[in-house]
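Single-letter residue listing:
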Amino acid sequence: MSGIRINRIAGALGAEIEGVDLSQDLSNEAFTSIHQAFLDNQVIFFRNQTLTHEQHKNFARRFGTLNIHPYVKGMDGHPEIMKIVKERDDKVNFGGGWHSDMSFLEHPALGSLLYAKEVPPYGGDTLWANQYLAYETLSDGMKKMLGGLTAIHTAKGEYSERGHSAQKRSSMEVKLAGDDVPSYEHPVVRTHPETGRKALYVNMAFTEKFSGMTRRESLPLLKFLFEHCTQEGFTCRFRWTNDTLAFWDNRCTQHFALNDYHGHRRHMERVTVNGDKPF
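(A) Fine view of the sheet that holds strand E14 (residues 253-257). Reading across from one edge, E12-E6-E14 is the order of the three strands in this open sheet, with antiparallel pairing throughout. Only two strands of the sheet have a single partner each, and these edge strands are strand E12 (235-238) and E14. Strand-to-strand, the axes of this sheet are offset by a mean angle of 20°, without reference to chain direction. In this sheet, E14 lies alongside strand E6 (residues 126-130) in antiparallel orientation, the contact comprising five bridges. By the bridge assignment for E14, Ala-129 is matched with Gln-254.

(B) Structural detail: the sheet that holds strand E15 (residues 266-274). Judged by pairing direction, the sheet is mixed, and its seven strands sit side by side in the order E1-E2-E3-E13-E5-E15-E4 without closing on themselves. Each having just a single partner strand, strand E1 (5-8) and strand E4 (81-86) make up the two edges of the open sheet. Put simply, the sheet's adjacent strands are angled 25° from each other on average, direction ignored. As paired strands, strand E2 (residues 15-18) and strand E3 (residues 43-46) are joined by two bridges and run parallel to one another. Each bridged residue has a counterpart across the sheet, and for Ala-15 the counterpart in E3 is Ile-44. Sitting on the sheet, helix H1 (residues 28-41) is in contact with E1, E2, E3, strand E5 (109-118) and strand E13 (245-249), with an inclination near 130° to E3.

(C) Local environment of the nonpolar core. Counting residues in hydrophobic clusters, the biggest one holds 29 residues, and the most contacted among them are Trp-128, Tyr-159 and Trp-240. When residues of this core are traced back to their parent elements, those giving at least two are E3, E4, E5, E12 and E13. Take this core: its biggest share by element is three residues, from E5. Residues Ile-44, Ala-60, Phe-63 and Leu-113 belong to the second largest nonpolar core, which totals 27 residues.

(D) Fine view of the pairing of E6. Here E6 lies mainly inside the structure; five of its five residues are buried. With burial as the criterion, each face of E6 is covered, one bearing Thr-126, Trp-128 and Asn-130 and the other bearing Leu-127 and Ala-129. Where E6 meets E12, four bridges bridge the pair, whose relative direction is antiparallel. Bridge pairing in E12 links Trp-128 to Cys-236.

(E) Structural context of helix H5 (residues 215-228). In this model, H5 (14 residues) spans 19 Å end to end at C-alpha, consistent with the 20 Å of a helix rising 1.5 Å per residue. At Leu-221, H5 shows its strongest bend, of approximately 35°. For H5, the elements touching its buried residues are helix H3 (131-136), helix H4 (140-146), strand E10 (198-200) and strand E11 (207-210).

(F) Spotlight on the pairing of E13. Burial analysis of E13 places five of its five residues in the buried class, the great majority of the element. Sheet analysis places E3 next to E13, joined by four bridges and oriented antiparallel. Across the sheet, Phe-46 pairs through a bridge with Leu-245, a residue of E13. Pairing analysis gives five bridges linking E5 to E13, with the strands arranged antiparallel. Its bridge partner lying in E13, Leu-113 is registered against Phe-247.

(G) Structural view of the environment of Glu-29. Turning to its location among the elements, Glu-29 is positioned in helix H1. What makes Glu-29 partly exposed here is its relative accessible area of 46%. When the C-alpha positions of Glu-29 and Lys-209 are compared, they lie 43 Å apart, and in sequence the two are 180 residues distant.

(H) Geometry of the state of the cysteines. As enumerated under the stated definition, the model contains zero disulfides in all. For Cys-236, which is in no disulfide, the shortest distance to another cysteine sulfur is to Cys-252 and amounts to 12 Å. By relative accessible area, which is 3% here, Cys-236 ends up buried. Classification of Cys-252 by relative accessible area gives buried; the value is 1%.

How each quantity is defined
Residues numbered from 1 in each chain as written. Predicted model: local features only at pLDDT ≥ 70, side-chain atom pairs only at ≥ 80, totals over all residues. Heavy atoms only, no water. Pairing = 2+ DSSP bridges. Helix = DSSP H or I, 4+ residues; strand = E, 2+ residues; numbered from the N terminus. Axes fitted to C-alpha atoms, helices over the stretch in contact; angles between N-to-C directions. Contact = heavy atoms within 4.5 Å. Core = buried A, V, L, I, M, F, W, Y, C linked by side-chain atoms within 4.5 Å. Buried < 20%, exposed > 50% of the residue type's maximum accessible area, 1.4 Å probe, protein only. Expected span 1.5 Å × (residues − 1). Bend = angle between axes of the 7 residues up to and from the residue. Disulfide = S-S within 2.5 Å.

Below, the structure is given as structure tokens:
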């Protein structure tokens, strides 16, 4: 294990990884241990990491190619890095609702790597929810019904003029989604391409309706699933400290950034790894 220690933080998901310096080139043995911890725990955390922008991206590239967000402007010189900043006077945070990153793409994100540059003195925790458990705890009848359904995912609600993600923030530049924003069809129950496990794959931010149904027809079941998949027993909650990196699997988790630190600044930087088409 090359001195790497894996410490679970909750019963549902999540683990802190100790004994690794992500600013250095990882041996194949160390990378294999981290990769397995990622698959086993769905979200992993590395405290006390001093990373340059290139080191942040280099670690992410061990898992795949990097995404450039279609609606949020990346950093100058580093378009793959999204600065997620809530200034002291901002009212709305970014990511303040349950969601799976980039599910509105044809090939949604594999994972996201969020690095804490400046955290508030209190608040600003992030919650994650295990979507394997969300699926596995459904009744057999519900599993059978959902197994034949697909759903439409789109950014047009979240990144429209009134959408949460498009709201004005002092230090973030967001492009509004127009009427021509594409929609993509994904299975409601997704099979993880590496573990083979099934996970519920709908989220409040980007899932618009079931394929072949109207929004009105879809909402009763979607609302049930949204509430079911984020219940407390499926979650972990993480208290950030400066220089912590979190890496989560968007294929089998959702997350929620709490907005409970008004009057304080929070500065995070995110790199997103491209994924494949859900099946």
